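# Results of the structural survey
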Amino acid sequence: MSDILGIMTHRIGHPGSFARHAKSALAEKFSGILVYTPNDVNLTTRKITGYVYRGGTWARQTLPYPKINMDIGFYSGSQSTRATYIKKASSFPFTGYGLGNKIRIQKHLVASPVLKPYLLPTEPVKDASNFILFVKKYKSVMLKPINGWGGRDIVRVTLDNGQYKVQQNHEQTQLMSAAGIRSLISKALGKERQLMQQWIDIRNKQGIVFDIRALMLKKSEGNWQTTGIAVREARRGKITSNLKSGGHAYEADSYLKKEFGDEKGETLAKSIRELAEYIPDFTEKSYRSRLCELGIDLAVDTNGKLWLLEINIKPGKKIMRELYGFKVWEQTLHTHFQYARSLLPKTK
């Protein structure tokens, strides 16, 4: 079988929407791509029925496992379980593997003496009682889905003069009693598992929330490269700075100098670069697993303290287009395909 690149995703819709992936794969001398979902994989016959792009056309076909696969999907529920199961099959190699939920990632990161000082107190939510105790301890807390992405369903809960203030991205702040909080937690846990994390004030001088995203990509030689470091500034009034919800990207060094002065801004920028360069190798060693790209989210609070918020294995790259332009963004997308090509078994 010729070298076809497998691409696993959560939903296909129209296969033509994967034209950019096909173009990048062909540029790296793959003969085509096979796009499929976890449900299209037959682990018994070791075959996949998906959409194949070869010779300029799409066709639904059944093929043996490709020699290398990329996972670009965002899964939930039973599809997530199946995707994890597929990626554990030794005969089915991927460019990168998962890290588990946010609590599992936190356990790995906190084991590093280098990273521990930058991590926020974070715990799983067992029930409303342990959530309320956590809020009493830290006064202001973020409630997040344990498998969340894209800033969705994040709630901030603050204890103020015996009342709980509840803030979500698209809504006015609500005042709640302890009974209201119990109901909120029960509802959230009914949807999916949750974590709680100490809230820190990461607003700039104008009172707007911002954080920093470092994009790390693995090159075809197998070494990691800092592809871009950018500040993501939220829309006014939002509690998360995700670009999808209308945020803006800015060049990190100049933004930090403007906020904290030249000397402090430069020190922060240097620390961010050092952390971003340390994390990929540490994470691969800690998990004993292969990664191909990482989005590292950091933040600086109003006191100028740097925090590591989280790491993502499938980071969005819109920030690259907004900050560095279309050409750089295209190259960023293409890097993954170059790495995939480097993982193919060498022909004698």
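Residues numbered from 1 in each chain as written. Predicted model: local features only at pLDDT ≥ 70, side-chain atom pairs only at ≥ 80, totals over all residues. Heavy atoms only, no water.

Under an unreviewed UniProt entry, the name given to the protein is ATP-grasp domain-containing protein, and the source organism is Paenibacillus glycanilyticus.

### Some details on the pairing of strand β1 (residues 4-8)
β1 sits mainly inside the fold: five of its five residues count as buried. Where burial is concerned, the two faces of β1 agree: the one with I4, G6 and M8 and the one with L5 and I7 are both buried. Looking at chain direction, β1 and strand β2 (residues 32-36) are connected through five bridges and run parallel. When the sheet's bridge partners are listed, I7 is paired in β2 with V35. Where β1 lies against strand β6 (residues 68-71), four bridges are found, and the strand directions are parallel. Each bridged residue has a counterpart across the sheet, and for G6 the counterpart in β6 is N69. (Buried < 20%, exposed > 50% of the residue type's maximum accessible area, 1.4 Å probe, protein only. Helix = DSSP H or I, 4+ residues; strand = E, 2+ residues; numbered from the N terminus. Pairing = 2+ DSSP bridges.)

### Here we look at the pattern of salt bridges
Considering all chains together, one arrives at 16 salt bridges under this definition. Put simply, D3 and R341 hold a salt bridge, and the shortest N to O gap is 3.9 Å. Residue D3 is found in the segment before β1, and its partner R341 is found in helix α9 (residues 326-342); the two are separated by 338 residues along the sequence. D3 sits in the partly exposed class, given a relative accessible area of 23%. With a relative accessible area of 24%, R341 lands in the partly exposed category. With a closest N to O distance of 3.7 Å, E266 and K257 form a salt bridge. On the accessibility criterion, K257 (30% relative accessible area) is partly exposed. (Salt bridge = Lys/Arg side-chain N within 4 Å of Asp/Glu carboxyl O.)

### Observations concerning the sheet that holds strand β9 (residues 155-160)
Spatial ordering of the open sheet is given by β7-β12-β8-β9-β10-β11, a layout of six strands whose pairing is antiparallel. Edge positions in the open sheet fall to β7 (122-124) and β11 (174-176), since each of these has one partner strand only. Taken pair by pair, the neighbouring strands of this sheet meet at an average axis angle of 25°, ignoring direction. With three bridges joining them, β7 and strand β12 (residues 194-198) adopt antiparallel strand pairing. Residue E123 lies in a different strand from β12, and its bridge partner there is M196. (Axes fitted to C-alpha atoms, helices over the stretch in contact; angles between N-to-C directions.)

### Things to note about the sheet that holds strand β16 (residues 293-300)
Judged by pairing direction, the sheet is antiparallel, and its five strands sit side by side in the order β15-β14-β13-β16-β17 without closing on themselves. With one partner strand each, in any of the chains shown, β15 (248-251) and β17 (306-312) form the two edges of the open sheet. Shown here is a sheet whose adjacent strand axes are inclined to one another by a mean of 30°, direction ignored. Two elements, strand β13 (residues 210-218) and β16, share six bridges in a ladder whose sense is antiparallel. By the bridge assignment for β16, A214 is matched with I296. The strands that α9 touches are β13, β14 (224-233) and β16; relative to β13, the one it contacts most, it runs at about 35°. (Contact = heavy atoms within 4.5 Å.)

### Digging into the pairing of β9
Sheet topology note: the strand β8 (residues 140-145)/β9 ladder contains four bridges and is antiparallel. What sits directly across from L143, in β9, is V155. Two elements, β9 and strand β10 (residues 163-168), share six bridges in a ladder whose sense is antiparallel. Note that in β10 the partner of V157 across the bridge is V166. Hairpin geometry of β9 and β10 is characterised by an intervening segment of two residues between the two adjacent antiparallel strands and by a positive phi of about 55° at N161.

### Some thoughts on unusual backbone geometry
Most peptide bonds take the trans form, and the phi angle of most residues other than glycine is negative. Positive phi values are uncommon outside glycine, yet K29 reaches one of about 70°. With respect to the secondary-structure elements, K29 resides in the loop between α1 (19-27) and β2. With a phi close to 55°, N161 is a non-glycine residue in the positive phi region. Judged by its relative accessible area of 78%, N161 falls in the exposed class.

### Re the side chain of H334
Examined against the element boundaries, H334 turns out to sit in helix α9. Given the relative accessible area of 12%, H334 is considered buried. Residues within four places of H334 in sequence aside, it is in contact with S24, A27 and E28.

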